[in-house]
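Topology and contacts: notes
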Amino acid sequence: MTNSFKKVNGITGMKDILPDSSYQWNELEAILRAWTAQYGYLNIRTPILEQTRLFSRGIGEVTDIVEKEMYSFTDSLNGDQLTMRPEFTAGVVRSAIEHNLLYQRPQRLYTMGPVFRHERPQRGRYRQFHQISVEALGFSGPDIDAELIVMADRLWKQLGLSNIRLELNTLGQYDERKAHRSALIEYLEKNANVLDEDSKRRMYTNPLRVLDTKNPDLQDMADNAPVLFDFLGSESKDHFAEVCNRLEDAGISYSLNPRLVRGLDYYNLTVFEWVTDSLGAQGTVCGGGRYDDLFSLLGGKDSPAAGFAIGLERLLDLWTQSNTIKESSECHIYIIHQGEGAQRRAAVLAESLRDDGYRVVVHSGPTGFRAQFRRADSSGATIALIIGDEELAQSAVSIKWLRQTADDNSQQQLIPMGQLAEFLKSKGVAAWHMT
Ligand code: HAM
């Protein structure tokens, strides 16, 4: 048949996770679930699609994410403005408000899955990527900010990652940031004669970004600009000092980075990022902080909250740089057969072995014994069971060990069908895969 259909490719920046790496993802996700459970976090799963205004309101109209990175479209069936989630926090808070989750008690929640941002793809930066997002809802104290950071640190240790460091800052409260902003604009106006065009343009829209300038001529000006910390009241300062104390209790070192502002607008007080030099340009593995104003911003009852998210592609990249993750085999037992009767017997035998908990593959495809043995070998199974004419006639099955085991099992053995279960049990075939 001639094929006139033009091949369809995947979308730029959205990767397939193939079996040669999906086992690493599964392993990592299992570790992440066990880790969140250690801190009492429960799983929440929200839809990938949300109303666009959830993100423009929650993340902020004048952020890169909302201005240029969201996959938004009009639902052609009803005209709704929808967006594929670019992060989890706004959706989790929306859900907590909608279902009144904080009615009786605060909630520790985590969620994991794909998120979408239309960025320029490169190593560590994709258009569909994965996050685990950890959200402590209804907690106001600095103990929680510190616990979240300690929690992340435990994960790095569990994964054997050492080349990762913590950057910390406090953004104070809204009014404090407002006062700082006015002072900053005033300062920039006074220094207008030294500003470049870019800085002049941003002076009123995003004066903090002016301080982030790469222009060496502006470094002096930036270094002497008013700093937010000087505008913080005692409550904000105490909160931050308490977070720092607790990090010192936990033996976690950090560097204070007054320029750390994060790319989402919902933060207040503590913000942090975990960064590494081992991933090239995209070195931020984890980012988060406190977001006490998000509930009320999204129309809910005022509730404090804090959390963070980890980029899983970046985490996996780091993890596999220093660890070899054992590839799991397709099956414990691979069944080889010759002739129609044998094939039917093999299918029935496989089901009874699965009843006993084994992972079993029955050969399907080329019928030659050599080809079948080759497939059996590449499946990673411990043993091949063989059913041919002779075995069929004797109601037995031959066993061939495909891997080197402790005792010498290199000989093919004939076992009566009725004794097979007992034999496999005595040899610990499934347990062998755990080692
Ligand atoms: P975020 O800093 O935008 O924070 O993203 C968290 C992490 O996702 C980043 O540190 C990075 O590892 C990863 N990431 C971001 N963009 C990409 C991309 N294009 N490709 C691959 N990985 C990426 C948030 O999303 C907040 N919701 C975190 C949070 C939770 N704050 C409080 N709770």
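What you are looking at is a predicted structure, and each value in this text was computed from that prediction instead of being measured. (Residues numbered from 1 in each chain as written. Predicted model: local features only at pLDDT ≥ 70, side-chain atom pairs only at ≥ 80, totals over all residues. Heavy atoms only, no water.)

1. A few points about the sheet that holds strand β3 (residues 71–74)
To summarise the sheet geometry, strands pair through backbone hydrogen bonds and adopt either a parallel or an antiparallel arrangement. Strand order in this open sheet of three strands is β2-β4-β3, and the pairing throughout is antiparallel. On the outer flanks of this sheet lie β2 (49–51) and β3, each paired with one strand and no other. Neighbouring strand axes in the sheet, compared pairwise and without regard to direction, differ in orientation by 35 degrees on average. Across four bridges, the pairing between β3 and strand β4 (residues 81–84) is antiparallel. In the sheet register, Tyr71 faces β4, and the bridge partner there is Met84. (Pairing = 2+ DSSP bridges. Helix = DSSP H or I, 4+ residues; strand = E, 2+ residues; numbered from the N terminus. Axes fitted to C-alpha atoms, helices over the stretch in contact; angles between N-to-C directions.)

2. Examining the side chain of Arg125
The topology assignment puts Arg125 in the loop between β5 (107–116) and β6 (128–137). Glu119 is the oppositely charged side chain nearest to the buried, salt-bridge-free Arg125, at an N-O distance of 4.3 Å. Filtering out sequence-adjacent residues up to four positions away, Arg125 remains in contact with Glu119, Arg120, Gln282 and Arg314. (Buried < 20%, exposed > 50% of the residue type's maximum accessible area, 1.4 Å probe, protein only. Lys, Arg positive; Asp, Glu negative; His and termini not counted. Salt bridge = Lys/Arg side-chain N within 4 Å of Asp/Glu carboxyl O. Contact = heavy atoms within 4.5 Å.)

3. Describing the environment of Pro226
Inspection of the secondary structure puts Pro226 in the loop between α9 (219–223) and α10 (234–249). Between the C-alpha atoms of Pro226 and Tyr187, which are 39 residues apart in sequence, the distance is 7.6 Å. Pro226 has contacts with His180, Ala183, Leu184, Tyr187 and Phe231, leaving out every residue within four places of it along the chain.

4. Digging into the site of the ligand
Around the ligand sit 26 residues in total, of which Glu87, Glu119, Glu135, Tyr267 and Thr284 are the nearest. Side-chain polar atom of Thr89 to a nitrogen atom of the ligand: 2.9 Å apart, as the coordinates give it. Here an oxygen atom of the ligand and a side-chain polar atom of Gln131 are 3.1 Å apart. Contact with the protein chains hides 96% of the accessible area of the ligand, taken as 660 Å² for the molecule alone. Among the elements of the structure, β6, β10 (284–290) and β11 (305–311) are those that each provide at least two residues to the shell around the ligand. Of the residues forming the shell around the ligand, the biggest block, five residues, is contributed by β10. Residues that form the shell around the ligand fall into these classes: 10 nonpolar, nine polar and seven charged. (Near = heavy atom within 4 Å. Polar contact = N/O pair within 3.5 Å; in protein donor to acceptor, adjacent residues only side chain to side chain. Areas by Shrake-Rupley, 256 points an atom, 1.4 Å probe, with all protein chains shown as cover. Nonpolar A, V, L, I, M, F, W, Y, C, P; charged D, E, K, R; others polar.)

5. Side note on the domain arrangement of the protein chain
Domains assigned within the protein chain are domain 1 (19–172 + 232–322) and domain 2 (333–426). Placing the centre of domain 1 and that of domain 2 at their C-alpha centroids yields a distance of 49 Å. (Domains from an automatic or database assignment.)

6. What about the pairing of strand β15 (residues 396–401)?
For β15, the buried fraction is high: five of the six residues fall into the buried class. Summarising the sheet, strand β14 (residues 383–387) and β15 pair through four bridges and their orientation is antiparallel. Bridging from a neighbouring strand, Ile383 pairs with Trp401 of β15. Direction of pairing for β15 relative to strand β16 (residues 413–416): antiparallel, over a ladder of four bridges. When the sheet's bridge partners are listed, Ile399 is paired in β16 with Gln413.

7. Here we look at the environment of Leu168
Of note, Leu168 is situated in strand β7 (residues 165–170). Classification of Leu168 by relative accessible area gives buried; the value is 0%. The spatial distance from the C-alpha of Leu168 to the C-alpha of Ser255 is 6.1 Å, given a sequence separation of 87 residues. Beyond its immediate stretch of four places on either side in the chain, Leu168 contacts Ile149, Phe240, Cys244, Leu247, Tyr254, Ser255, Leu256, Asn257, Leu260, Thr270, Val271 and Phe272.

8. Let's talk about the sheet that holds β16
Sheet architecture is open: five strands sit in the order β13-β12-β14-β15-β16, paired in mixed fashion. Both outer strands of the open sheet, β13 (360–362) and β16, are each paired with one neighbouring strand and no more. Within this sheet the neighbouring strands show an average axis-to-axis angle of 30 degrees, counted without direction. Where helix α14 (residues 369–378) meets the sheet, its contacts fall on β12 (333–337), β14 and β15, and the angle it forms with β12 comes to roughly 175 degrees.

9. Brief notes about unusual backbone geometry
Residue Leu269 is not a glycine yet carries a positive backbone phi of 45 degrees. Tracing the backbone shows Leu269 in strand β9 (residues 268–275). Looking at Leu269, the relative accessible area reads 5%, which means it is buried.

10. Let's talk about the packing of helix α5 (residues 142–158) against α10
Packed helices, taken two at a time, are described by their axes: the angle between them and the distance between them. It is the contact of α5 with α10, at a shortest axis distance of 8 Å, that shows an interaxial angle of 40 degrees. The angle between the axes of α5 and α10 places the two elements in the oblique class. As α5 runs across α10, the sense of the crossing is right-handed. Contacts between α5 and α10 involve Pro142, Asp143, Asp145, Ala146, Ile149 and Val150 from the former and His239, Glu242, Val243, Arg246 and Leu247 from the latter. Its residues assigned to classes, the contact of α5 with α10 comprises six nonpolar, one polar and four charged. (Parallel < 35°, antiparallel > 145°, perpendicular 65-115°, else oblique. Left-handed = near helix turned anticlockwise from the far one by under 90°.)

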